[in-house]
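# Structural features, examined
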Amino acid sequence: VQLQAFGGGLVQPGGYLRLSCVGSRNIFSINDMGWYRQAPGKQRELVATITRGGITKYADSVKGRSTISRINAKNTVYLQMNSLKPEDTAVYSCNCNGTTGWGPYEYWGQGTQVTVSS
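Note that the structure is a prediction, hence the values are computed from the model and not measured.

Here the structure, examined in full by the defined rule, presents one disulfide. The disulfide bridge from C21 ends at C94, spanning 2.1 Å between sulfur atoms. The chirality of the disulfide connecting C21 with C94 is right-handed, given an S-S dihedral of about 60°. Highlighted residues: C21 in strand β3 (residues 17-23) and C94 in strand β9 (residues 90-100), separated in sequence by 73 residues. With a relative accessible area of 0%, C21 lands in the buried category. A relative accessible area of 0% means that C94 is categorised as buried. As a non-bridged cysteine, C96 has C21 as the owner of its nearest cysteine sulfur, 7.4 Å distant. Among the residues examined, C96 registers a relative accessible area of 0% and is labelled buried.

In this section: the environment of G7. Checked against the element boundaries, G7 lands in the loop between β1 (3-6) and β2 (9-11). Its relative accessible area of 35% is what places G7 among the partly exposed residues. A sequence separation of 14 residues divides G7 from C21, and the C-alpha atoms of the two residues are 8.8 Å apart.

Our next topic: the side chain of D88. Of note, D88 is situated in the loop between β8 (76-81) and β9. In this structure D88 comes out as buried when scored by relative accessible area, which is 1%. Within the structure, D88 has its side chain in polar contact with the side chain of R37 (distance 3.0 Å). Beyond its immediate stretch of four places on either side in the chain, D88 contacts R37, V62, R65, M81, S83, V114 and V116.

Bringing the pattern of salt bridges into the picture now. For the structure on display, the rule yields four salt bridges. Where R37 meets D88, a salt bridge forms, and the shortest distance between an N and an O atom there is 3.0 Å. Taken together, the residues span a long stretch of sequence, with R37 in strand β4 (residues 30-38) and D88 in the loop between β8 and β9 at a distance of 51 residues. Of the residues examined, R37 reaches a relative accessible area of 4% and is grouped as buried. One salt bridge in this structure joins D88 and R65, with 2.8 Å as the shortest N-O distance. Separated by 23 residues along the polypeptide, D88 in the loop between β8 and β9 and R65 in the loop between β6 (56-58) and β7 (66-71) bring together distant segments of the chain. Of the two residues, D88 and R65, both sit in the buried class. Three or more residues joined by partner-sharing salt bridges are found here, namely R37, E45, R65 and D88.

Definitions and cut-offs
- Residues numbered from 1 in each chain as written.
- Predicted model: local features only at pLDDT ≥ 70, side-chain atom pairs only at ≥ 80, totals over all residues.
- Heavy atoms only, no water.
- Disulfide = S-S within 2.5 Å.
- Helix = DSSP H or I, 4+ residues; strand = E, 2+ residues; numbered from the N terminus.
- Buried < 20%, exposed > 50% of the residue type's maximum accessible area, 1.4 Å probe, protein only.
- Polar contact = N/O pair within 3.5 Å; in protein donor to acceptor, adjacent residues only side chain to side chain.
- Contact = heavy atoms within 4.5 Å.
- Salt bridge = Lys/Arg side-chain N within 4 Å of Asp/Glu carboxyl O.

Below, the structure is given as structure tokens:
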């Protein structure tokens, strides 16, 4: 398993969660890391991404409520989500990509379920 995601669960509206994704030590030269989500009956969508240099990008739906961060030396990316809404309910997956001497690569972690409900 190249990426492992943690931190999903059931939370009440207005609550918060912190998702973590840890990449294997044998992944080198990661460029971008990010989080995506897929709600039932919907297509997977970008939540947030972060470059190796720390440039972030957020979906409009989570902007201002979420913070993505990473620790390059640990191949780890986090997603802090605050003021959660029922529409944030989805399976959240982490992603990373990069390039090595063998060419470009992309990995996906297993999803972690986030359910926002009272």
